[in-house]
Amino acid sequence: MATGGRGAVVAMAARSTLSSASVTLFLLLVLPRVSEAQTFFFPFRQPETCGHNQYFDISALSCVACGSNQRQDARGTSCVCLPGFQMISNNGGSDITCKKCPEHMKGVTEDGWNCISCPGGLTAEGKCHCPTGHILVERNVNGTLLSQATCELCDESENSFTVANALGNRCVRCEPAFINTSKSCACSEPNILTGGLCLSSTGNFPLRMISTARYGELGISFTSEWFAKYLQSSAAACWSTKLKFVAASYDVRGNFLKWQTLEGGILQLCPDTEMRLNAAYSFGTTYQQSCEIPVPKILTDFPTPTFYDVYLEYTDENQHQYIWAVPVLNLNLQHKKMFVNKDSSSGKWLLTRRIFLVDTLSGRENDLGSQPRLIRVATQISLSIHLVPNTKNGNIYPPLITIAYHDIDIKDPSSQSVKVSFSVTYEMDQGEAHVQTDIALGVLGGLAVLSSLLKTAGWKRRIGSPMIDLQTVAKFLVYYAGDLANVFFIITVGTGLYWLIFFKAQKSVSVLLPVPAQEKRFVTYVGCGFALKALQFLHKLISQITIDIFFIDWERPKGKVLKAVEGEGGVRSATVPVSIWRTYFVANEWNEIQTVRKINPLFQVLTVLFLLEVVGFKNLALMDSSSSLSRSPPSYIAPYSRILRYAVSSALWLVIGLIQIVFFAVFYERFIEDKIRQFVDLCCMSNISVFLLSHRCFGYYIHGRSVHGHADTNMEEMNMNLKREAENLCSQRGLVPNTDGQTFQIAISSQMRQHYDRIHETLTRKNGPARLLSSSGSTFEQSVKAYHTMNKFLGSFIDHVHKEMDYFIKDKLLLERILGMEFMEPMEKSIFYNDEGYSFSSVLYYGNEATLLIYDLMFFCVVDLACQNFILAAFLTYLQQEIFRFIRNAVGQKNLASKTLVDQRFLI
C-alpha cells in the first residue's frame, strides 16, 4: 500500500503546479520512509552519453563498462569484440568473451564467431572486404567454414542478371526495371535512374520532379526528401499501365503444367527482345508483329503441343484479385459444315476457351517418332480490346482472342517456312464521332452554300450580266467546290487534332484511336477536300492568266527633232519619241511579282520535313500513348495512325506557314523588301499607270502618274525630283489632288467596256490565225496605232475627258468589304473604290496565300496517306509547286505580252 500510495503522491506531485522548491521539500520529507529496495528514482541518462567502451544497460537505465577487448556495438545497448578478435561466448551485455585472431587469419567472419583468411583487405569492423559487384563466401554449401574466404562476382549477363544484395552476401536478380529497359543490370544513358528504378527516357516519363510537401492546415511548405527521391519514379511506374494476362498451361494429355503470364512472348511465335514482346500488353499500344519461321525451327521448338486457357487478371474495388476467362474466336471452327466464326454477325459466333500454337503431333503418320506429314500452326493471333462507351477511367469490355490456324503439308522441311502474325488492337464505338462529324459537315456545308451564292451574285454583278445561264451554274459549282474544300479541311484538321490531343494527353483512358478500318471515312473526307481544293486552285490559276491588263504611259514628247524622210530624200520636223523602256521595265516587274508569295515554299517544305523526320514529331503519330518525340531503338515501335499522321503534318504545316506569314508582314516587308508596294512606287517613278480588268466590268487601277510631269529624264533631274518629293515641295501622288491614294478597285460601265473592247480587238488581232494576217508589214503598224489609241483613250478616261463615260470615287461600305461584292451598279458612270489594301494582288499568288497554303498542305498529306512516306510527300509537293509556278509564269507572260504589246523577249 505504501508503494502504491507513494506512486500516487509522486504522480500527483508531477502534475501539480507547485514551484520546484516545494516539490523538492515534499520529496525530502516523504521518500526517506521508503526502504532502499523500493527506490524509484535514478540518474537520468541517454544512451548517447555512454562512452566508447561502455554500453547502455536497458534494465538499469545506466551506462556499464564493456569487458576487455570489447567496445560498444552499433546500437549502443551491448558490447562486441574489437576488430581482429573472434567471439568465444556471448551471454548478452558485457558478458561476452573475445579472443585475438592469429596472424595468418586476421579476418573475422560476418557472424563474428570465427577467424578467417581474407582474399583482400579488411573493413573497419575487421571483416573481409570484397569489390563492388562481388559477394563474400565464407562457408561451403553444408556450412563448413573455409580456410580462406573468396569473393565471387555476380553474373550480370543475360544468362543470370544478378547483382550483389545490399549486405553483399548473396547474388540476387536485378531490379526488373533495369532488365526491361537496358537488358542489363546497369542503367546506362539515355535511360534514367531515379528512385531505384531504371526508366526509359522515351516512355511516359514525367520530366518535372515535384519535391515540395505542403501542409494546408499549418500553412507550411518545405522540400520533402522522400518526394525528391521517389515521387518521380513512382509517377513513371504508375503511368506504365499494363494489361495483366495469365494463362493456365496443359500438356497434350490434359495435365496441368503451371500458371504463367503472357509476357515474354508466350503466345508470340516470332522471336524478339523481351522489351518488344512485352510491349504488346502496354495498354493503349496498338501492336503488330509478323515474321516467317522455317519449318525445321517449328519442329524443333514444338515437339508436342501445349494448350493454354487465357485469363485477364484484375482487382475489384475492395482490392480482391480475380481472373476473367478470355473468350476465343476460332476462325477455323466449323458447325454444320459452315465456318460460323467468319460470319460478320457476332450473334452466330461459337466462342471457345482453349488454344494452342503449334501441333506437330497429330499429323504424324504410322509412327509417333517419325517426322509429321502435316503440322497445324496458329498463323494469326489477334487480341482485341473494346472500350466501354462514355467511360472516364478506362473501363473495357472482356477482351477477345481471334485465332486462325493453317495446315502445312510437310514435303521439303528445309525449304519450307510459315508466315505468322500477332497483333493487339484497341477499339471504341465511333458512332457518336460520326454523328458529330455529320452535324458539322451539314452546318458548315450549308454555310458554304450561302457563301458560294454570295460569290456568284458578286461575280454576276462584276461581269454585268443579270441573266442566270449555264455559265452561272458552272461558276456557282466552282465557288462551292472551293468553299466545300475548306469545310472538309476544317473538319479533317479538327478531327485529327482532337484524336492527337485527347489520345496522347489523357491520363485516364477515355478515347481510343480509330482502327484502320474506321479510318476509311476520314481518308475519304481528306481525298474529297483535296480534289475540291485542287479544282479551286486551277480555277484561280486560269482566272489569273486570262486577265486584261494595259500599262498607261503618261509620258509626253519633249519638243521636236529633224527626221529624215525615207524615200523623199529630205528631212522634216517630228516629235521626240517617248522611250518604251519604262513600259518594258514595269511590265517585267509585273511579270516577276506574279508568283511572289508570303512564304518561302522551299523553306516551308524543308522545315516541316526537318521537324517530322529529324526532331521526331512523326513519333506523335504512332498508335501508342507516349507523347515523346524520340524512341529508343531497342523499344517497340507501334504502327502509324493515318489520322495522327495527318494531324501532326497539317499542324506543323499551318504553324510554320503562319509563322512565315507573320514574319513576312511584320518584319520582312517593313525592313527588307515589299515587292507589292515597291511595284506601286515603280509605277509612279516610271510615270506609268496599270489598268487591270479581272472581270468584264470589274478590275483594279494603279495610279502611277508622276507628280513631276515626266520620268524620262537624266540622273541629276531624277535625284532632284526625289528630293523635292521627300521634302513635300510638290503635289502628292494620289489620283485625287492632295491625297496619297494610288490603288483602286474599279467597277466600269458597260459602255466603257464596249469601247475598251473595240480598241482592244485591233490591238490583239496580230495573234489571230496566220491565214488571216496581212502579208504586208502594215499589221504591226496597225497594232502600234491601236496601242497608242488605247493609251490615249484610257488616259483621257482617267482625266475625265469622256463625260458619257465618266467615273466617280468613293469608299466601300463595311458590308461590301466583308462580303466581297458591290451593292451599287455602274449604270451611267464607272465607280472607283478607294483601296488601301492593295487588293489588286488578288490576281497574283500574293493575294491567294490561304488557298495556296491549304492546297500545298493537302497535297502533302494526301501523298503521305497514300505512301506513308514524309520524304516522298515533301519532294512531290515541292515539285508540283515549281511546275505550277513555271506554268503560271509562262502562260501569264504570254498573256501579258499579247494584251499590252510588250515583246515577250523582254520579259524574264
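Since the model is a prediction, treat every value here as computed from it, not as a measurement.

### With respect to the side chain of R753
Along the chain, the position of R753 falls in helix α15 (residues 750-763). Looking at R753, the relative accessible area reads 8%, which means it is buried. At a separation of 3.1 Å, a polar atom in the side chain of R753 contacts the side chain of D548. Within the structure, the side chain of R753 is placed 3.1 Å from the backbone oxygen of R696, a separation counted as a polar contact. Apart from the residues lying within four places of it in its own chain, the contact partners of R753 are D548, L693, H695, R696 and I748.

### Here's the deal with the pattern of salt bridges
The final tally for this structure, using the stated rule, is 27 salt bridges. The shortest N-O distance in the salt bridge between R461 and E825 comes to 3.5 Å. Residue R461 is found in helix α7 (residues 431-463), and its partner E825 is found in the loop between α17 (814-819) and β35 (830-834); the two are separated by 364 residues along the sequence. Exposure remark for E825: the relative accessible area of 43% places this residue in the partly exposed category. Between D553 and R582 there is a salt bridge, and its shortest N-O distance comes to 2.9 Å. In this pair, D553 is assigned in strand β28 (residues 548-553) and R582 in helix α10 (residues 581-592), connecting sequence segments 29 residues apart. Comparing D553 with R582 shows no difference in burial state: the two are buried. Among the charged side chains, a network of salt bridges with common partners joins R462, K812 and E822.

### Observations concerning α10
In a regular helix each residue adds 1.5 Å, so 12 residues correspond to 16 Å; α10 covers 16 Å between its end C-alpha atoms and thus fits that length. Among the residues of α10, those classed as buried are R582, T583, Y584, V586, A587, N588, W590 and N591.

### Structural notes on the packing of aromatic side chains
Under the counting rule described, the total for this entry stands at 40 aromatic pairs. Ring centres of Y314 and Y322 lie 5.8 Å apart, and the angle between their planes is 25°; on these two criteria the pair is classed as stacked. Y314 gets classed as partly exposed once you look at its relative accessible area, which sits at 34%. Ring geometry for F797 and Y807: centres 5.3 Å apart, planes at 45°, overall tilted. With F797 in helix α16 (residues 778-798) and Y807 in strand β34 (residues 807-810), this pair connects stretches of sequence that are 10 residues apart. Both residues of the pair, F797 and Y807, count as buried. Three or more aromatic residues joined by ring pairs make a cluster, and in this case those are F530, F537, Y855, F859 and F884.

### A closer look at unusual backbone geometry
Even without being a glycine, N69 presents a positive backbone phi close to 60°. Structurally, N69 can be placed in the loop between β2 (62-65) and β3 (70-72). With phi around 75°, N366 is a residue other than glycine that occupies positive phi space. Tracing the backbone through its elements, the reader meets N366 in the loop between β24 (358-359) and β25 (374-386).

### Some points on the packing of helix α11 (residues 601-615) against helix α12 (residues 642-671)
At a closest axis distance of 10 Å, the pairing of α11 and α12 adopts a crossing angle of 135°. The orientation of α11 with respect to α12, classified from their angle, is oblique. The way α11 lies across α12 gives a crossing that is right-handed. Of α12, the residues touching α11 (which contributes F603, Q604, V605, T607, V608, L611 and L612) are V648, S649, L652, W653, I656, G657 and Q660. Counted by class, the contact of α11 with α12 contains 9 nonpolar, 5 polar and no charged residues.

### Details of the sheet that holds strand β31 (residues 688-693)
Taken together, 6 strands build an open sheet; the order of strands is β28-β31-β32-β33-β35-β34 and the sheet is mixed. Of all the strands in the sheet, just β28 and β34 have a single pairing partner and so form its edges. Averaged over all adjacent pairs, the angle separating strand axes in this sheet is 25°, with direction ignored. With 4 bridges joining them, β34 and β35 adopt parallel strand pairing. Within β35, the position partnered with F808 by the bridge is I831.

### Considering the side chain of N687
Summarising the element assignment, N687 is placed in the loop between α13 (675-686) and β31. Judged by its relative accessible area of 1%, N687 falls in the buried class. At 2.7 Å, the side chain of N687 and the backbone nitrogen of S706 are in polar contact. Beyond its immediate sequence surroundings of up to four residues, N687 is in contact with I552, D553, W554, E555, R582, G704, R705, S706, G709, H710 and A711.

### A word on the UniProt feature "transmembrane region" (unreviewed entry) in the chain
Feature annotation in UniProt places "transmembrane region" (unreviewed entry) on residues 477-502 and 643-667, given in this structure's numbering. Within residues 477-502, the helical portion is 100% and the strand portion 0%, while the C-alpha atoms at the span's ends are 37 Å from each other. Its end C-alpha atoms 35 Å apart, residues 643-667 is made of 100% helix and 0% strand.

### Re a nonpolar patch on the surface
The grouping of L454, L813, L814, L815, I818, L819 and F823 at the surface amounts to a nonpolar patch, some 640 Å² of accessible area in total. With 4 residues, α17 is the single largest residue contributor to the nonpolar patch. By secondary structure assignment, the location of F823 is in the loop between α17 and β35.

### Regarding the nonpolar core
Counting 95 residues, the largest nonpolar core has F245, L267, V377, Y646 and F860 as its most contacted members. Once residues within four sequence positions are removed from consideration, Y646 is found in contact with F489, T492, V493, F522, V526, M858, C861 and L865. The next biggest cluster of nonpolar side chains, apart from the first, holds 29 residues, and it includes C683, V690, F698 and Y838.

About the criteria used
Within each chain, residues carry numbers counting from 1 in the order of the written sequence. Only residues with pLDDT of at least 70 are given local features in this predicted model, and only at 80 or more are side-chain atom pairs given and counted; all residues enter the totals for whole chains, interfaces and linings. In computing side-chain values, all of the structure's heavy atoms are included and hydrogens and water are not. Numbering goes from the N terminus for both helices and strands, where a helix is a DSSP run of H or I of at least four residues and a strand is a run of E of at least two. Here the term buried applies to any residue with accessible area under 20% of the maximum for its type, exposed to any over 50%, and partly exposed to those in between, with areas from a 1.4 Å probe on protein chains only. Within 3.5 Å is the distance limit for a polar contact, defined as a pair of N or O atoms, with the added protein rule that one can donate a hydrogen and the other accept it, and that residues adjacent in sequence qualify only through two side-chain atoms. Residue contacts are defined here by distance: any two heavy atoms, one from each residue, within 4.5 Å place the two residues in contact. By salt bridge we mean one thing: a side-chain nitrogen of Lys or Arg within 4 Å of a carboxyl oxygen of Asp or Glu. A helix is expected to span 1.5 Å for every residue after the first. The pairing test for Phe, Tyr and Trp rings, Trp by its six-membered ring, is centres within 6.5 Å, and the orientation test on the planes gives stacked under 30 degrees, edge-to-face over 60, and tilted for anything in between. What counts as an axis is a line fitted to C-alpha atoms, over the stretch in contact for a helix, and the angles between N-to-C directions run from 0 to 180 degrees. Should an angle fall under 35 degrees it is called roughly parallel, over 145 degrees roughly antiparallel, and 65 to 115 degrees roughly perpendicular, with every other angle called oblique. By convention the crossing between two helices is left-handed if the near helix lies anticlockwise of the far one by an angle smaller than a right angle, and right-handed if it lies clockwise. Polar here means any residue outside two lists: the nonpolar Ala, Val, Leu, Ile, Met, Phe, Trp, Tyr, Cys and Pro, and the charged Asp, Glu, Lys and Arg; Gly therefore counts as polar. Strands were regarded as paired on the criterion that DSSP finds at least two bridges between them. UniProt positions are given in the numbering used here, feature names are shortened, and annotations may be inferred rather than shown by experiment. To count toward a patch, a residue needs a relative accessible area above 30% and no salt bridge. Like charges then connect within 9 Å, nonpolar side chains (Val, Leu, Ile, Met, Phe, Trp, Tyr) within 5 Å. Only the protein chains shown count as cover for residues, and all accessible areas are computed by the Shrake-Rupley method using a 1.4 Å probe. Within this scheme, the nonpolar core is defined by two criteria: the residues are buried Ala, Val, Leu, Ile, Met, Phe, Trp, Tyr or Cys, and they are joined through side-chain atoms within 4.5 Å.

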